[in-house]
Amino acid sequence: MSRLYKGFVCMKRREALETIAAGVLSLTAAQRDLLAQSDWEAQVLSAGQARTVDVLSDLIIPRTETPGARDAHAHRYIDMMLYRGLLAAERDAFLAGLAALDERCQRDFARGFDGLPRPEQVRLLTAMHDSGDAFFRQVKDLTIRGYYTSREGLLEELEYEGNSYLTDMPGCTHEEHHQ
Amino acid sequence: MSGPVYDAIVVGSGAAGGAAVYQLTRRGLKTLLLEAGPDIDPRVENIHHKMPFELEFRGQLSARDRLRYRGNKSTNVYNQRTMLPDSEEPYSFPDDKPFMWVRSRALGGKTLHWGRYSFRFSDYDFACASRDGFGINWPIRYRHIAPYYSLVERTIGVAGSKESIPNLPDGEFQPALPMRCGEHILRKGVEKLGMRLIPTRVAVVTSREFSRPRCHFCGHCNRLCSTGAMFSSRVSFIPLAQETGKLEIKTDAIVREVLTDDEGFARGVSYVDRGSRQDYEASAKTVVLAASTLSSTKILLTSRDRNHPTGLGNSSGELGKNLSEHTMAARITGIAPVLRGKMPGYPEDGHPGASFVPPFVNVDNPEETDFIRNYSFQCWSGTSDYPGHAHRLAGFGADFKRRVKNIYPALVNMTTNGEVLCRPENFVELDPDGSTDPYGIPCLKIHLTFGDNDHRMIRHMNDKAEEICRAAGIEILSHRREASQPGWSIHEVCTARMGSDPRMAVLDGYNRSYDVPNLFVVDGAAFSSATALEPTLTIMALAARAGDHIADLLDRREMRKHGPRETLA
Ligand SMILES: Cc1cc2nc3c(=O)[nH]c(=O)nc-3n(C[C@H](O)[C@H](O)[C@H](O)COP(=O)(O)OP(=O)(O)OC[C@H]3O[C@@H](n4cnc5c(N)ncnc54)[C@H](O)[C@@H]3O)c2cc1C
Ligand code: SF4
């Protein structure tokens, strides 16, 4: 697909190659998201932990008019990072934080974080946010990274148009920014 | 030792080595280029244009690789195959002085993924000591180097605008790149304060008529450039030198030492083949070190012998001393409120350049402030492939997500390059522990801390950056005031400096060793001061000029005569 930016032709790389090969512009299959495969299995997180991480990421970046962290499989990203992306100390801190959250919910509510009603989850998360909780910081950072590097976060939410071929660099064309 | 005797051996194939072999072979000299790394053509597509979600770890280094490249933080998954893992050539520093030594190890060196900013120095820089009394002057003036700046610019392609700024001479430019919305908004603030914000001069092809293809504005320059539009020695100087038929290249050849003969002249180098681990020697009439500032310095220190107990060419005692670089502070991310929520309509991160505030303090009056020398600002703005600002925004939930998106097109960024003064306390030495790398070559120990003048300058940068943001109406989202870790500017220079007094300098004004007349050092080690400008264009111009001088000396059969003690200026 070729997109027109105010006269500046912009093509995705593969499209450019196919254009050259076929002599015409053609629509191409989308790039594959490595985490979107149907037979995904967690490497580090237990089923319960994966559910909790999924809920946490969904609270941090929920679905609105656009997809959220859950749609982008942020918990799969986090599992991948825990497996071989984070340093051992970072991974251990994350898993300890997750265990502490679970313990606290078991103690106070006799169920896991993922089983709590949404308002209760938001209340807990708000308290963690306000107190500068290190685990919250870590889940939030990982969710941000996982979401905004996903197809959903980068292309649908941010409407990122880069990684393209342009014929020219337009720069700012707004008179009002120049004076 | 058998084998051919070359006119010149050049050690290292980055900016310095590239420019040197280009000029040497153009002048008809039979040249051997020894490069420690492999040959990787940056144009052969690998993962250059993959989206993050197509890659494992979303395009970040794995934990294992983060550790392997711990001292080499410029490493990313895209350029990794050209980078040096720490274990290949370990180095050390005192516990309280961490130093980051970023190294590429491939044909083309760091130019394969460098930042491309290319500025000419001026006599404000070359005569620095006459202006404020600190350090030494360069032994050359602008008129000596200007023709070589032109030669290099014409050969590599530099996009820029003519601005008639006295301390930032104009060059021979290809069409300048336009500034983006946020940069224009910043510019208005900069101009209110009497300074200039200009398009950065970048070594990227923007002309439709050039020997290399024009940029296609993908913005992946810090990965590897698949078109060859971005200058690297690998796609420019080296193939041009090969066309002369005079260049021989050996990759995976790690030079240990410069070898000398009984009369004290350089006779060649010894090197180890990375694959077989076998040792070899190569002979030449001239040896040119271009292995990057600290690596060339290390080779000279390692080449110590009975006649040169503290390192080859070190009768001045200055070898390894005066280590300098740039301070990068005032790292600001701000928001231009008028751009909130307004998507630009084109990918702003496809821009291969940025914008630049040329050094502006202590120019006309060198003692205008409570510190000497000066600094510049690098600025850029707009949408990119990762919204790093999200990590700095408080909150979570739908409102958080909306704010990330709203601010995304309105981001404006700044950082600095400030001249670190050359002080003897900042130096490199062979590790006193006697540690060696896997090839048995001694390791380097690096000592660098910022001094009082540097800290006063850093304070000024931070205040000035905030003043600019206020004047431009930019809201500051985050401001990192502290200077980044020493080494991180990747502009290390001055450890075998040139000067007109051989008691104070290692090299003369032609990058030639005072002690060993057929030995040249043509990388940043030769600088007499760091200046506030990016070093590489000047490294290349000096290397090309040294190449010319070497050809002249060989023509005149004067290579084995000592040069005049006083040069130029
Ligand atoms: C991310 C980044 C951004 C940068 N941005 C800019 C910028 O905008 N403007 C600017 O002016 N500069 C910039 N620089 C710095 C610039 O890359 C260097 O100044 C320049 O490459 C130095 O050239 P050099 O030839 O001295 O060293 P290098 O380019 O590092 O080349 C040295 C070569 O020597 C080889 N070598 C080392 N030791 C040996 C040995 N013992 N035997 C044989 N070969 C050896 C290495 O493998 C390497 O290939 C940037 C650097 C980086 C990494
Ligand atoms: S933006 Fe231009 S110079 Fe940079 S990598 Fe892409 S084509 Fe090369």
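Refer to the structure presented above.
This text gives an overview of the structure that appears in the document. (Residues numbered from 1 in each chain as written. Chains lettered and ligands numbered in written order. Predicted model: local features only at pLDDT ≥ 70, side-chain atom pairs only at ≥ 80, totals over all residues. Heavy atoms only, no water.)

1. Some details on the overall build of chain B
Helix and strand counts for chain B stand at 11 helices and 17 strands. Expected size for 569 residues packed as a compact globule is a radius of gyration near 25 Å; at 23 Å, chain B falls within 12% of this value. Across its three principal axes, chain B shows a C-alpha extent of roughly 75 × 55 × 50 Å. Per-residue burial for chain B yields a buried fraction of 69% across its 569 residues. The long-range share in chain B, meaning contacts at least 24 apart out of those at least 6 apart in sequence, stands at 73%. (Helix = DSSP H or I, 4+ residues; strand = E, 2+ residues; numbered from the N terminus. Rg over C-alpha atoms; globule rule 2.2 N^0.38 Å. Buried < 20%, exposed > 50% of the residue type's maximum accessible area, 1.4 Å probe, protein only. Contact = heavy atoms within 4.5 Å.)

2. Some points on the site of ligand 2
Around ligand 2, a shell composed of 13 residues is seen, among which B:Cys215, B:Cys218, B:Gly219, B:Cys221 and B:Cys225 lie nearest. More than half of the atoms of ligand 2 fall within 2 Å of the grid points belonging to the second largest cavity. (Near = heavy atom within 4 Å. 1 Å grid on protein atoms, 1.4 Å probe; cavity = no way out; pocket = protein on both sides within 12 Å on 5 of 7 lines; lining within 4 Å. Sits in = over half its atoms within 2 Å of the grid points.)

3. Section: the site of ligand 1
Residue and element names in this part refer to chain B. Of all residues adjacent to ligand 1, which total 37 residues, the nearest are Ala-16, Glu-35, Lys-110, Gly-115 and Thr-536. Within the backbone of Pro-535, one N or O atom sits 3.4 Å away from an oxygen atom of ligand 1. Surface burial for ligand 1 is 93%, taken as the share of its 990 Å² of free accessible area covered by protein chains. Of all the secondary structure elements, the ones that give two or more residues to the shell around ligand 1 are helix H1 (15-26), strand E6 (253-260), helix H8 (293-302) and helix H11 (536-555). In terms of residue count, the dominant contributor to the shell around ligand 1 is E6 (3 residues). (Polar contact = N/O pair within 3.5 Å; in protein donor to acceptor, adjacent residues only side chain to side chain. Areas by Shrake-Rupley, 256 points an atom, 1.4 Å probe, with all protein chains shown as cover.)

4. Things to note about the interface of chain A and chain B
Taken together, the 68 residues of chain A in the interface contact 60 residues of chain B. Each partner contributes to the roughly 5,500 Å² buried at the junction of chain A and chain B, and carbon and sulfur atoms together form 59% of this total. The closest approach of N and O atoms between B:Arg214 and A:Asp168, which form a salt bridge, is 2.7 Å. Our enumeration of links across chain A and chain B arrives at 32 residue pairs in polar contact (both at pLDDT 80 or more). Among the elements of the structure, helix H1 (13-22), helix H2 (47-60), helix H3 (74-85), helix H5 (118-130), helix H6 (134-148), helix H7 (151-157), strand E3 (164-166) and helix H8 (175-178) of chain A are those that each provide at least two residues to the side of chain A that touches chain B. For the side of chain A that touches chain B, the leading source of residues is H6(A), giving 9 residues. For the side of chain A that touches chain B, the class distribution of residues is 29 nonpolar, 19 polar and 20 charged. (Buried area = accessible area lost by both parts, 1.4 Å probe. Salt bridge = Lys/Arg side-chain N within 4 Å of Asp/Glu carboxyl O. Nonpolar A, V, L, I, M, F, W, Y, C, P; charged D, E, K, R; others polar.)

5. Considering the packing of aromatic side chains
Residues and elements named next belong to chain B. With the rule as written, the count across this model stands at 20 aromatic pairs over all chains. Ring geometry for Phe-231 and Phe-237: centres 5.4 Å apart, planes at 75°, overall edge-to-face. Owing to a relative accessible area of 0%, Phe-231 belongs among the buried residues under this scheme. Relative to Phe-377, the ring of Phe-360 lies with its centre 6.2 Å away and its plane at 15°, an arrangement referred to as stacked. In this pair, Phe-360 sits in the loop between strand E11 (355-357) and strand E12 (375-381) while Phe-377 sits in strand E12, placing the two residues 17 residues apart along the sequence. Phe-377 shares its class with Phe-360; the two are buried. Note that Lys-30 overlies the ring of Tyr-6, its terminal NZ or CZ placed 5.1 Å from the centroid. (Phe/Tyr/Trp six-rings, centres within 6.5 Å; stacked < 30°, edge-to-face > 60°. Lys NZ or Arg CZ within 6 Å of the ring centre and 35° of its normal.)

6. So, H3(A)
Over its 12 residues, H3(A) extends only 14 Å from the first C-alpha to the last, a length that falls short of the 16 Å expected when each residue adds 1.5 Å. Across the 12 residues that make up H3(A), a large majority, 10, are buried. Those residues of H3(A) that fall on the buried side of the exposure criterion are A:Ala74, A:His75, A:Arg76, A:Tyr77, A:Ile78, A:Asp79, A:Met80, A:Met81, A:Leu82 and A:Gly85. Residues of H3(A) that are buried in the fold lie against H2, helix H4 (88-109) and H6 of chain A together with helix H2 (63-68) of chain B. (Expected span 1.5 Å × (residues − 1).)

7. A short note on empty space enclosed by the protein
All names here are of chain B. Summed over all chains, the structure comprises 7 cavities of 30 Å³ or more. Its boundaries defined by the atoms lining it, the largest cavity holds a volume of some 160 Å³. In this structure, the largest cavity is lined by 16 residues; those nearest its centre are Tyr-124, Asp-125, Arg-131, Arg-373 and Asn-374. Put simply, the parts of the chain that give the lining of the largest cavity at least two residues each are helix H3 (123-126) and helix H4 (128-132). Broken down by element, the lining of the largest cavity gets its largest block of residues, 3 residues, from H4. Roughly 70 Å³ of internal volume is contained in the second largest cavity. (Points joined across faces, edges and corners; volume = space filled by probe spheres on them.)

8. Structural notes on the pattern of salt bridges
With the rule as written, the count across this model stands at 54 salt bridges over all chains. A salt bridge links B:Glu172 to B:Arg154, with the nearest nitrogen and oxygen atoms 3.2 Å apart. With a gap of 18 residues between them, B:Glu172 in the loop between helix H5 (142-156) and helix H6 (181-192) and B:Arg154 in helix H5 connect regions that are remote in the sequence. In the salt-bridge network here, residues are joined through shared partners; they are A:Asp54, A:Asp58, A:Arg70 and A:Arg118.

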